[in-house]
Every structure is written in structure tokens, then in C-alpha cells.
Number of protein chains: 2
Amino acid sequence: MATKTQMDSAREGIVTRELSAVAKDEGIPEKDLLALVASGQAVIPANIRHKSLKPHGVGRGLRTKINVNLGISGDCADYGVELEKADLAAKFDAEAIMDLSNYGKTHEFRAKLVERSPAMIGTVPVYDAVGYLEKDLKDITAQDFLDVVRCHAEEGVDFMTIHAGVNRRAADVFLEGKRQMNIVSRGGSLLFAWMKMTGNENPFYEHYDELLDILHEYDVTISLGDALRPGSIRDSTDGAQIAELIELGNLTRRAWKKGVQVMVEGPGHMSMDEIAANMKLEKRLCSGAPFYVLGPLVTDIAPGYDHITSAIGGAIAAANGADFLCYVTPAEHLRLPDLSDVKEGIVAAKIAAHAADLAKGVKGARDRDFRMGEARRAFDWDGMFRLAIDGEKAKAYYKSVPAHDPRRCSMCGKMCAVRTMNRILNGEDVSLEPDGKE
Amino acid sequence: MATKTQMDSAREGIVTRELSAVAKDEGIPEKDLLALVASGQAVIPANIRHKSLKPHGVGRGLRTKINVNLGISGDCADYGVELEKADLAAKFDAEAIMDLSNYGKTHEFRAKLVERSPAMIGTVPVYDAVGYLEKDLKDITAQDFLDVVRCHAEEGVDFMTIHAGVNRRAADVFLEGKRQMNIVSRGGSLLFAWMKMTGNENPFYEHYDELLDILHEYDVTISLGDALRPGSIRDSTDGAQIAELIELGNLTRRAWKKGVQVMVEGPGHMSMDEIAANMKLEKRLCSGAPFYVLGPLVTDIAPGYDHITSAIGGAIAAANGADFLCYVTPAEHLRLPDLSDVKEGIVAAKIAAHAADLAKGVKGARDRDFRMGEARRAFDWDGMFRLAIDGEKAKAYYKSVPAHDPRRCSMCGKMCAVRTMNRILNGEDVSLEPDGKE
């Protein structure tokens with residue numbers, strides 16, 4: 001019997017176990033979510049073989065989700081550390097993990113990740129092609145690329161980045177455009193190089209129907225990669241980027257026809273004033289498919305702090321319609337992130353996602369902020385630590401300056417405004433003796 | 001002879017030394033800047049006694065400036081550390097430093113700060129009133145408050161936060177509004193308590209003309225404090241906040257009549273979707289006076305990371321018209337910031353300011369990003385470190401993973417997209433042998 005994807009089921013009005021769980025988690029009626037999944041406005045990436053998955057929805061009206069990248073590179077290959085990164089992702093409730101390993105025993109690592117991870121797992125099969133196939137880039141065939149996709153699908157991967165949009169037509173627009181940073185997508189640059197060296201069309205574009213059949217079989221969500229995303233403020237919203245986005249729109253609708261769930265990937269480096277327009281453009285060109293963005297990084301001059309440049313861009317993107325944020329760490333552009341970088345990246349992405357949810361009025365998003373305000377007014381420090389995204393850090397900070405009473409912190413000391421107001425509104429006098437005592 | 005403030009001079013068409021320096025620094029014609037300063041759309045805070053000042057302009061069309069708060073509190077009083085914070089501010093080119101000391105030998109510390117600091121110096125005289133006067137809060141008289149202002153003005157302070165807008169009328173609106181966090185402005189809460197305990201009108205409101213005369217004498221820019229800024233997402237853009245802003249608009253125009261330069265201070269805690277409207281509101285209600293914002297913090301649930309919540313809010317604010325960002329550190333709400341917190345706060349604010357300058361098209365803002373792109377494509381690591389806001393951190397990160405060649409970093413290893421594209425566009429084959437060697 002052929003697999004029914006979440007989209008197939010939703011179109012038939014069937015409430016799957018996963019859809020039911022997501023509706024409950026989001027606090028929305030199942031029938032609303034059915035309509036979103038049936039029409040492609042939301043996806044529930046859930047490979048039929050990923051048994052440990054806690055399913056999540058990505059799309060219109062749902063909480064903004066975040067993804068944590070990890071995986072080994074040839075220069076930095078410690079499997080243990082990469083699994084610790086996965087644990088950090090779980091600790092901070094990241095909804096997705098992408099394994100970008102491109103060196104060594106990727107299969108073994110991926111299997112372990114799928115087995116233990118409640119987060120949805122994503123991969124970029126192109127990265128893995130060289131290692132898996134033991135062939136040099138130009139010797140890989142179109143069929144080889146598809147074989148890697150099948151292998152990942154069989155292993156339980158929930159979504160895969162496929163750069164099918166950088167076909168000859170989009171690549172021509174890119175070449176005419178004279179960009180500063182050319183192609184900064186790893187997978188996109190490899191495919192472009194492969195096309196150049198072999199003279200062939202993009203294999204995922206040329207064999208798109210076959211690709212969709214494989215993805216459908218395991219209900220893998222296709223995440224249409226943006227090979228031509230801008231790699232600098234100079235290159236954003238240019239012809240190449242938008243030409244590829246037009247292709248991604250066409251590919252989205254082709255996938256939907258076959259019942260395959262789709263996300264579309266987006267920029268990149270981009271100044272703040274262009275972000276809202278880019279979100280609108282994706283939603284229009286791709287008929288409302290969920291938008292998964294990497295950044296956008298709102299300036300190029302802050303290497304070492306790109307978790308912040310991308311938190312700014314990601315928050316604006318999500319407030320304007322992006323549904324899914326890929327985290328960026330302080331190590332971006334500089335090195336493979338270590339555990340501390342990963343944590344900083346996760347927290348920054350969580351902040352961006354939540355700030356956007358407040359802005360776009362996602363159901364229930366304000367509750368936690370409201371409770372934080374209540375805890376602050378009451379000087380309920382334990383309550384504050386519980387409500388904080390990273391309560392451990394907040395607590396450590398607060399405890400690090402011991403000489404004060406619990407009804408203030410060392411920042412303002414006895415001049416704490418909350419303390420002053422609690423007293424005066426309670427009818428008490430506010431005394432601030434000049435000797436610093438109270 | 002009476003002092004001519006920068007505003008007085010501009011109105012007479014006189015190009016002061018300070019105005020000339022600012023025009024040069026911003027790359028705009030002196031006559032354009034004259035018009036901005038004459039009309040109050042821009043200020044050049046420059047106390048006639050601050051001899052070491054490198055003057056900066058704050059206002060429409062100029063680069064977004066940042067302020068670094070420091071100063072000792074009763075719980076945490078180490079003068080040496082606070083001076084090191086000033087050095088950090090100088091190292092990262094922060095344009096302003098506010099000394100918020102509220103305990104001990106504030107005079108001595110402030111004198112040292114003014115003497116050594118090229119940054120403009122701001123203070124909040126109310127904080128200092130208790131310590132300086134050696135009186136308890138309720139025993140302070142209106143004249144006492146003015147005396148402290150005069151003392152700070154004589155010491156060379158360039159701008160002072162004066163919470164003159166929380167008069168009886170605005171305080172009534174606040175009391176009717178039933179806010180979650182009441183008043184979270186330190187100075188504002190002290191004035192409110194003083195008004196409550198003494199039954200008097202806000203002393204700075206009642207004696208506003210006398211106050212302006214003192215400020216005029218030294219060309220101190222008044223920074224009209226927002227005592228009623230929201231202290232939680234729940235309280236933003238409420239009646240109290242806007243009622244006070246209306247007062248600040250009236251006070252702005254009164255100051256301009258006397259030739260006193262004005263900035264207006266703004267929120268606070270606020271979800272992203274309200275920020276643009278707040279910027280527009282300030283520019284309209286306050287006739288285009290420069291807007292100096294603290295945050296806005298776009299969520300309440302990230303104590304330990306409020307440099308990020310405020311970088312998001314500050315970037316959006318500045319892109320929508322705010323002219324001056326007060327930094328917020330990771331220690332906000334938790335403790336007095338240490339040196340590491342201060343550095344994190346400064347860099348986050350610099351990122352927000354620069355990202356906004358890109359977005360609002362400030363002259364020359366894109367140049368540095370363009371050069372960073374060029375350095376990245378060429379793998380010119382030293383160039384990247386030179387162009388980075390914090391080149392030291394970027395360099396340390398890059399150097400921390402030694403095993404790689406200089407034409408990539410350890411993040412993507414041999415799969416580096418920049419490397420791949422440089423090769424293939426140069427007509428070279430891209431080889432990625434499966435054993436991980438090249």
C-alpha cells in the first residue's frame with residue numbers, strides 16, 4: 001500500500017496522530033490545522049520511520065520554530081561533541097536539528113541522531129554524496145544523487161534540503177548578475193560546479209518527479225534550498241535570488257500535486273528594510289508555502305556576533321511571515337561552532353522566534369511574558385528563572401553578586417524602581433538615607 | 001556675556017567648531033547640519049566645560065549613536081572597574097557614556113570621567129540628589145534638585161536626563177491605568193514617590209524655566225526622561241506612556257524657545273509590532289526632536305540575554321526613526337554589569353545601530369559591509385578582522401581551530417562555497433576526493 005503523507009491524509013480529512021498532537025500543542029482546532037496542511041500552508045515533517053519524533057507543525061499561524069545545525073566537517077570531526085549539541089538542542093526545546101555532516105561516517109551518526117532525537121531531523125543529501133558514494137564530485141551521476149536521497153529517507157530523515165531551483169535558467173541569471181559573493185550555499189555551489197563540469201542540468205530539477213516519488217514514500221518534507229541566497233548586503237534581493245525563488249514556486253506546486261509536503265528556504269544576508277518585502281514575495285510566488293530562513297543577517301561587519309545579526313533579521317522575518325528560523329551561531333564565517341556557540345545560537349534564535357510570535361499575535365504567546373512581569377513585580381526570583389529561556393544563566397548572574405537583599409538586584413541597589421513603587425503604592429514612605437543604608 | 005548654545009549659534013548661521021567637526025564626520029554639508037540643529041531635529045551635546053569632548057550629532061539623517069551606561073551602586077562600588085568600562089566604551093567608539101552612579105563619591109568619579117572622556121557624558125541628577133545633598137528623599141526641596149543640576153552642569157556634563165514629564169496630569173493617567181509594572185524608571189519612580197510624599201508638583205516641571213536657564217548657561221542638552229516607559233510587554237503603548245509623551249512634546253517646544261537643545265527618551269519593553277508606530281508618534285508629538293531609546297526589549301522572557309532582545313528592538317526603532325540607542329547588557333534585570341557584560345552590550349548596540357543605518361540609508365553606511373564582502377571573497381582574513389566591529393573576537397575564533405588552510409574555515413572545510421565558486425568561476429575543476437584530502 002502506498003504511503004499516505006500528512007498532506008494526503010489532511011486532504012482526505014484524516015486526523016493523523018501527528019496532526020492531532022500538533023493541534024493540541026498549538027492550541028488550535030484540528031480542522032483548522034487540517035486545512036492548513038491540506039493546502040500546503042503548513043507542514044508536519046514526520047518521516048514514517050522516525051519513531052522517536054515529537055511532531056511539530058511549521059507554517060501560517062503556528063508558533064515560529066527553530067532549527068539547530070550540527071554535524072562534523074573534515075577539519076573538525078568529533079562525533080561526541082556533535083551529539084552533545086543535539087542534547088543542547090533538546091534542552092532548549094529546539095524543534096529541529098539539521099545534520100550537515102560532510103565527512104566520515106555520516107550514516108552511523110545520522111542513525112544515532114534519528115534514534116534518539118524527538119526533534120525533526122533534516123539533512124542536505126548533496127553534502128553527503130561525496131563521502132557516501134566514494135566518488136569525486138564530477139564523477140557522481142544524477143542517479144547517484146537520487147540514491148543518496150533514498151538512503152537518507154530510509155534512515156528516517158524528516159526533511160531534506162534539495163537545491164532543485166538552481167537550474168540552468170536560474171544559473172544563467174546568476175552569471176549575468178555579477179554578484180559580489182557569488183553562491184554561498186554549500187550545496188548550491190557544489191551543484192553549480194557539478195553542472196559546470198558535467199554540462200548537465202541540475203539533477204534534482206531534471207529528475208524532480210522521481211525525487212518526489214522517493215520523498216513521498218517516506219513522507220519526507222522537501223525543503224527547497226535557496227542556492228542563490230545573497231551572501232552579502234551587496235547581493236540581496238537581486239535578480240539571481242528572485243529568479244530562483246520563481247523556480248521554487250513552480251517546484252512547490254509540482255510537489256503539492258504529488259502530495260509531498262514543502263518548505264521553501266530563504267535568505268541570507270540582507271539589510272532590514274528589504275526583509276518584509278522578501279517575506280511577502282515568497283508567500284506570493286510560492287503560494288503560501290512555509291518559509292524557512294537562514295538569518296537574514298542584517299549586516300556583514302559583525303563576525304563573532306552573527307547570532308545577534310541573525311536574531312535581528314530572523315525576528316523581523318518571522319514577524320512578517322517566515323515560519324521557521326535556522327539558528328546562526330557566533331562562529332558563523334569563522335569556525336565550526338563549539339558547544340558554547342551552539343547554546344548562544346539556540347537562545348538567540350529562540351528569542352527571535354518568540355519576539356516574532358508576540359508581534360504576529362500567535363495564540364498564547366504573550367502568556368509567558370505576562371507571567372514574567374508578575375514575577376518581576378513580586379521579586380519572585382525563582383519564578384523568573386523558571387520562566388526565562390535560559391534560567392540557569394539568569395540565576396547564575398543574579399547569584400553572582402551576593403551582598404544584597406532579595407527585594408532588588410545589584411544593578412540599581414536601593415534605588416530599584418520596582419521596590420520604590422511597591423512601597424509608595426502600598427502607602428509606605430520611601431526612605432533613602434544618604435549613607436547608603438536603609 | 002550669555003552663553004550661546006549650539007542651537008543659538010545655528011539659528012544665527014554661525015558654524016561652531018563642534019558643528020564643523022560633526023558635519024565632516026558625517027560627511028554632510030555644514031549648511032544642512034545648521035538647519036537641523038537650528039530647528040531641533042538634531043543636537044550636538046557639548047557642555048562648554050567639557051574640553052576633551054569629540055563632538056557628535058544626534059538626529060535626523062545622522063548615524064545612529066549609542067550610549068554606554070556605567071556608574072556605581074551601593075551594592076557594587078568599584079571605581080576602578082567603572083573607569084575600565086569607560087575605556088571599553090572608548091575602544092568600541094561608543095559616542096556617549098551615562099554615569100548613573102548613585103552612591104558614594106559621585107562628584108570625584110564624574111570629574112575624572114569628564115576629564116578623560118572624548119565621549120559625551122550624560123547623567124541623571126535625581127539619582128545623585130540623595131548622596132550629594134546628604135538628605136533623605138522626602139526632605140529634598142525643589143531648589144535642592146535644581147542645585148544638583150547646576151552642580152552637574154558646572155562639572156561639564158553634556159546631557160542630563162530630566163523626568164519633567166511625569167507631572168501631576170501624567171501621573172494621574174498612570175494611576176488610573178492599572179499597569180503591571182508601574183514605573184520602572186529609577187529616576188521616575190523616585191520623583192513619583194517624592195511627589196506622593198510631599199504633595200508637591202514635579203519639581204522639574206514646576207520650575208522648568210529656571211531649569212532651562214541653568215542648562216542654557218553651559219549648553220547642556222536636556223534629555224527628557226520617560227518616567228512612564230513600559231516595564232513589560234503588557235504595559236507598552238498605554239495611556240500613561242503616551243500621556244507623558246504629550247507632556248514631553250510640550251516641554252520640547254518650551255526648551256527650543258529658550259535655545260536649549262533637546263532629546264526625548266523612549267521605551268522600554270514593547271513587542272516588535274508596536275515599535276514603528278511609537279517612533280512615528282514621538283516624531284509627531286515632539287516636533288521631530290531626536291529620539292533616544294532604551295531598548296525596546298521585544299520580549300520579557302530572556303533575562304541574561306537582554307542585549308539581544310534590545311538589539312532587535314533598537315535596530316527596528318532606529319530603522320524607523322530613533323536616533324540614539326542606549327545599550328542594554330546581558331546583566332539587565334539581574335545585576336550590575338561587569339566588564340564582559342559591558343562589552344557584550346556595546347557590541348550588540350553597535351550592531352543594532354549599524355544595521356539600522358543600512359536600512360535607513362545613512363550616507364556611507366554600506367561601504368564597510370561592501371569591503372567586508374570583498375575581503376570574504378578573497379579570503380583576506382586580516383582585512384575581515386580589521387573591518388569587524390570586534391576584530392579581536394573574530395580573529396580568536398578563526399585561529400582557535402588550527403588544522404586548515406587559509407582559503408576556508410573549519411565550518412565547511414573543503415566544502416566551503418566561496419572556495420568552490422572561486423575555483424569553478426576561474427575555470428578550475430572542483431575536486432572533492434572522498435577520503436577527505438584534496
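Predicted model only: the values in this text are computed from it and were never measured. (Residues numbered from 1 in each chain as written. Chains lettered and ligands numbered in written order. Predicted model: local features only at pLDDT ≥ 70, side-chain atom pairs only at ≥ 80, totals over all residues. Heavy atoms only, no water.)

## A word on the domain arrangement of chain A
Part 1 of the argument: According to the domain assignment, chain A contains domain 1 (45-360), domain 2 (366-400) and domain 3 (402-438).
Part 2 of the argument: Centre-to-centre separation of domain 1 of chain A and domain 3 of chain A, based on C-alpha positions: 50 Å. (Domains from an automatic or database assignment.)

## A closer look at the layout of surface pockets
Part 1 of the argument: Approximately 910 Å³ is the volume attributed to the largest pocket.
Part 2 of the argument: Where the lining of the largest pocket is concerned, the elements lending two or more residues are α2 (17-26), β3 (65-70), α4 (79-91), α5 (106-116), α15 (339-359), α16 (365-377) and α18 (391-399) of chain B.
Part 3 of the argument: By residue number, the principal contributor to the lining of the largest pocket is α4(B), which donates five residues.
Part 4 of the argument: Looking at the lining of the largest pocket, its residues break down into 16 nonpolar, six polar and 18 charged.
Part 5 of the argument: Looking at which domains feed residues into the lining of the largest pocket, each of domain 1 (45-360) and domain 2 (366-400) of chain B supplies at least three.
Part 6 of the argument: Lining the second largest pocket are 30 residues, and of these Arg63(A), Asp93(A), Glu95(A), Lys350(A) and Arg368(A) lie nearest its centre.
Part 7 of the argument: Put simply, the parts of the chain that give the lining of the second largest pocket at least two residues each are α2 (17-26), α4 (79-91), α15 (339-359) and α16 (365-377) of chain A.
Part 8 of the argument: For the lining of the second largest pocket, the element with the highest residue contribution is α15(A), accounting for four residues. (1 Å grid on protein atoms, 1.4 Å probe; cavity = no way out; pocket = protein on both sides within 12 Å on 5 of 7 lines; lining within 4 Å. Points joined across faces, edges and corners; volume = space filled by probe spheres on them. Helix = DSSP H or I, 4+ residues; strand = E, 2+ residues; numbered from the N terminus. Nonpolar A, V, L, I, M, F, W, Y, C, P; charged D, E, K, R; others polar.)

## A closer look at the pattern of salt bridges
Residue and element names in this part refer to chain A.
Part 1 of the argument: Applying the stated criterion across every chain yields a total of 54 salt bridges over all chains.
Part 2 of the argument: The partner of Glu374 in a salt bridge is Arg377, with the nearest N and O atoms 3.3 Å apart. Placement of both Glu374 and Arg377 in helix α16 is noted, with a separation of three residues, approximately one turn of the helix.
Part 3 of the argument: Take Arg377: its relative accessible area is 27%, and that puts it in the partly exposed class.
Part 4 of the argument: When salt bridges that share partners are traced, they join Asp209, Asp213, Arg254 and Lys258 into one network. (Salt bridge = Lys/Arg side-chain N within 4 Å of Asp/Glu carboxyl O. Buried < 20%, exposed > 50% of the residue type's maximum accessible area, 1.4 Å probe, protein only.)

## Digging into the pairing of strand β6 (residues 159-162) of chain B
All names here are of chain B.
Part 1 of the argument: With burial as the criterion, each face of β6 is covered, one bearing Phe159 and Thr161 and the other bearing Met160 and Ile162.
Part 2 of the argument: By the bridge criterion, two bridges tie strand β5 (residues 120-123) to β6 in an arrangement that is parallel. Counterpart to Thr123 in the pairing with β6 is Met160.
Part 3 of the argument: In the sheet, β6 pairs with strand β7 (residues 221-224) via four bridges, with the strands oriented parallel. Across the sheet, residue Phe159 finds its bridge partner in β7, namely Thr221. (Pairing = 2+ DSSP bridges.)

## What about the interface of chain B and chain A?
Part 1 of the argument: Taken together, the contact between chain B and chain A spans 115 residues of the former and 114 residues of the latter.
Part 2 of the argument: Approximately 9,800 Å² of surface area, both sides summed, lies buried where chain B meets chain A, with 67% of it carried by carbon and sulfur atoms.
Part 3 of the argument: Where chain B touches chain A, the interface holds four salt bridges.
Part 4 of the argument: The closest approach of N and O atoms between Arg366(B) and Glu274(A), which form a salt bridge, is 3.9 Å. (Contact = heavy atoms within 4.5 Å. Buried area = accessible area lost by both parts, 1.4 Å probe.)

## Re the packing of aromatic side chains
For any two aromatic rings, the description comes down to two numbers: the centre-to-centre distance and the angle of the planes.
All names here are of chain A.
Part 1 of the argument: Enumeration according to the criterion identifies 20 aromatic pairs over all chains in this entry.
Part 2 of the argument: Measuring from centroid to centroid gives 6.0 Å for Tyr79 and Phe109, while their planes differ by 55 degrees, and the two rings are tilted. Taken together, the residues span a long stretch of sequence, with Tyr79 in helix α4 and Phe109 in helix α5 (residues 106-116) at a distance of 30 residues.
Part 3 of the argument: With 6.1 Å between their ring centres and 50 degrees between their planes, Phe385 and Tyr398 make a pair best called tilted. With a gap of 13 residues between them, Phe385 in helix α17 (residues 381-387) and Tyr398 in helix α18 (residues 391-399) connect regions that are remote in the sequence.
Part 4 of the argument: With a relative accessible area of 7%, Tyr398 lands in the buried category.
Part 5 of the argument: Aromatic ring contacts, followed pair by pair, group Phe145, Trp194 and Phe204 into a single cluster. (Phe/Tyr/Trp six-rings, centres within 6.5 Å; stacked < 30°, edge-to-face > 60°.)

## Observations concerning the packing of helix α14 (residues 306-319) of chain A against α15(B)
Part 1 of the argument: As a packed pair, α14(A) and α15(B) sit with axes 10 Å apart at the nearest point and diverge in direction by 45 degrees. With respect to α15(B), the axis of α14(A) lies oblique. Viewed along their axes, α14(A) and α15(B) form a crossing whose handedness is right-handed. Contact residues: α14(A) offers Ile308(A), Thr309(A) and Ile312(A), while α15(B) offers Ala348(B), Ile351(B) and Ala352(B).
Part 2 of the argument: Split into classes, the residues belonging to the contact of α14(A) with α15(B) amount to five nonpolar, one polar and no charged. (Axes fitted to C-alpha atoms, helices over the stretch in contact; angles between N-to-C directions. Parallel < 35°, antiparallel > 145°, perpendicular 65-115°, else oblique. Left-handed = near helix turned anticlockwise from the far one by under 90°.)

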